[in-house]
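# Structure assessment
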Amino acid sequence: MSRHVLVMTELRSGTLRQVSYEALTAARKLAEGGDIIAAVFGRDLPDVTAELQRYGANNVLYVDHEQLKDYATDAYLEAWTYVIEEKNPSVILAPYTAIGKDVSPRVASRLGIGLISDCTDVELLNGRIVFTRPIYAGKAFVKKTFREESRVFATLRPNNISAEEASDARAATVDKVSVDISPKSLRTVVEDIVQKTSSGVDLSEARIVVAGGRGVKSAEGFNVLQELADVLGGAVGASRGACDAGYCDYALQIGQTGKVVTPDLYIACGISGAIQHLAGMSNSKVIVAINKDPEANIFKVADYGIVGDLFEVVPKLTEAFKKT
Ligand code: FAD
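Scope of this entry: the structure provided in the associated data block. (Residues numbered from 1 in each chain as written. Predicted model: local features only at pLDDT ≥ 70, side-chain atom pairs only at ≥ 80, totals over all residues. Heavy atoms only, no water.)

## Looking at unusual backbone geometry
Filter applied, for reference: Counting from the N terminus, the helices are the DSSP runs of H or I reaching at least four residues and the strands are the DSSP runs of E reaching at least two.
Residues other than glycine seldom take positive phi values, yet Glu-32 does so here, at roughly 45°. Along the chain, Glu-32 turns up in the loop between helix 1 (18-31) and strand 4 (36-42). Notably, Asp-44 is not glycine yet its phi reads approximately 50°, a positive angle. Relative to the helices and strands, Asp-44 is located in the loop between strand 4 and helix 2 (49-54).

## A closer look at helix 4 (residues 98-111)
Operational definition: Between the first and last residue of a helix there are one fewer steps than residues, each counted as 1.5 Å, and that sum is the expected span. Working definition: with a 1.4 Å probe on protein chains only, accessible area under 20% of the residue-type maximum means buried, over 50% means exposed, and in between means partly exposed.
The terminal C-alpha atoms of helix 4, which comprises 14 residues, lie 21 Å apart, in line with the 20 Å expected from a rise of 1.5 Å per residue. Taken residue by residue, helix 4 has Ile-99, Gly-100, Val-103, Ser-104, Val-107 and Ala-108 as its buried positions. Positive backbone phi, at 65°, marks Gly-112, one or two positions downstream of helix 4.

## What to know about the packing of helix 3 (residues 73-87) against helix 4
When two helices pack together, their arrangement is given by the angle between the helix axes and the distance between those axes. Applied cut-off: Lines are fitted to the C-alpha atoms to define the axes, a helix being fitted only along its stretch in contact, and any angle between axes, read from their N-to-C directions, falls within 0 to 180 degrees. Oblique is the label for any angle not covered by the other classes, which are roughly parallel (under 35 degrees), roughly antiparallel (over 145) and roughly perpendicular (65 to 115). The handedness criterion is simple: a crossing whose near helix is rotated anticlockwise from the far helix by less than a right angle is left-handed, and one whose near helix is rotated clockwise is right-handed. We call two residues in contact when some of their heavy atoms are within 4.5 Å. Under the convention adopted here, Pro, Cys and the residues Ala, Val, Leu, Ile, Met, Phe, Trp and Tyr are nonpolar, Asp, Glu, Lys and Arg are charged, and Gly plus all remaining residues are polar.
Running from N to C, helix 3 and helix 4 point in directions that differ by 55°, and their axes come no closer than 9 Å. By the angle between their directions, the pair helix 3 and helix 4 is classed as oblique. In the crossing of helix 3 with helix 4, the sense of the turn from one axis to the other is right-handed. Where helix 3 abuts helix 4, its residues Thr-73, Tyr-76, Leu-77, Glu-78, Trp-80, Thr-81, Ile-84 and Glu-85 lie against Gly-100, Asp-102, Val-103, Ser-104, Arg-106, Val-107, Arg-110 and Leu-111. Here the residues of the contact of helix 3 with helix 4 are counted per class, giving seven nonpolar, four polar and five charged.

## Focus on the site of the ligand
Let me state the cut-off plainly: If a single non-hydrogen atom of a residue is within 4 Å of a molecule or strand, that residue counts as near it. Here a polar contact is taken to be a pair of N or O atoms separated by no more than 3.5 Å, where protein atoms must pair a possible hydrogen donor with a possible acceptor and residues adjacent in sequence count only if both atoms sit in side chains.
The full set close to the ligand counts 25 residues, and Arg-214, Ser-239, Thr-257, Ser-272 and Asn-291 are the nearest of them. Here an oxygen atom of the ligand sits 2.7 Å away from a polar atom, N or O, in the side chain of Ser-272. Secondary-structure elements contributing two or more residues to the shell around the ligand are helix 6 (240-244) and helix 7 (275-281).

## Digging into the pattern of salt bridges
Inclusion rule: Salt bridge, as used here, is a side-chain nitrogen of Lys or Arg placed within 4 Å of a carboxyl oxygen of Asp or Glu.
A full pass over the atoms with the stated rule returns 21 salt bridges. A salt bridge links Asp-74 to Arg-187; the nearest nitrogen and oxygen atoms lie 2.9 Å apart. One end of the pair, Asp-74, is in helix 3; the other, Arg-187, is in the loop between strand 12 (173-177) and strand 13 (208-212), and 113 residues separate them in sequence. Given a relative accessible area of 5%, Asp-74 falls into the buried group. Among the salt bridges present, the one from Lys-322 reaches Glu-319, with a minimum N-O distance of 3.5 Å. Placement of both Lys-322 and Glu-319 in helix 8 (residues 310-323) is noted, with a separation of three residues, approximately one turn of the helix. A relative accessible area of 41% means that Glu-319 is categorised as partly exposed. Taken together, the shared-partner salt bridges connect Glu-10, Arg-12, Arg-17, Asp-202 and Glu-205 into one network.

Right under this line is the structure:
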């Protein structure tokens, strides 16, 4: 049974985020010959048709509007709802990013459809669409289906579905969608954005994360972790303990009340491994823990453990990686 699948893509600084390709890869599993429609939202949009087509989209929608220049809940709610109503897809896939988390439930509520959020996998089992998502802060996974498959809506956790180009990519048609976003419908508008400085690697999509905890002991201590992250092309993250202590910004917090990351490599430095921290990183593919305390809980989830002082171990790792 073929299905029309609509994928909400996401741009950051004019470039498609990796999760957009992951969602298209997931869409290909479900479409079974149906259309794969990729919707791009923003202002003065770049031409990304070729990339989207390579990953399986055969219809690209450009939704270009002044009010979509920066993310604002009401404007995106209008735009997403409009596109769904226009295209009437049977499956909608969106990223479980800050934007996807914010707008998807609102769209689902407005359209009166169900939503399965934060999915780590999607598959077809006996002709039914089955989503996998974590429960109990990542301690277990549950498989979920929709009772009615007339309209299925799910958000996908970044870095879980491996993005693969389509071997049978079809030519993509391009549509420019004109959506009416009345200023009256916008309860909030973005006036200005003050950019925080960052290392340039997006923490939630980083393939390598070097994270520090209270054991790093100071903001300056985090320079040691940043050096290792820079050599590895990764991003720096932190436990809430480190954020609460003022060593780093809360934007770096990983865990139940912070970001959820699933990198290929997670290096935990001076982090005890509280359950709330594990909720944000335990699905990383390889976990390395560096801790002075051999009894630290983090070693229970680590693939490799180094018992030692992070200020001795981390610089040695940095030097060793510089040579490779
Ligand atoms: P600690 O537990 O103090 O651990 C520091 C570790 O560093 C110790 O294991 C110590 O042996 C080691 N160490 C010290 N010096 C060195 C050294 N020189 N070299 C090597 N190792 C060293 N926490 C999160 O991280 N993320 C969340 O999202 C989160 N959400 C929460 C939500 C709720 C509702 C609650 C109640 C708590 C939450 N927490 C969260 C807090 C969590 O319970 C822990 O308090 C926190 O994760 C501890 O941070 P930590 O591991 O950095 O510090």
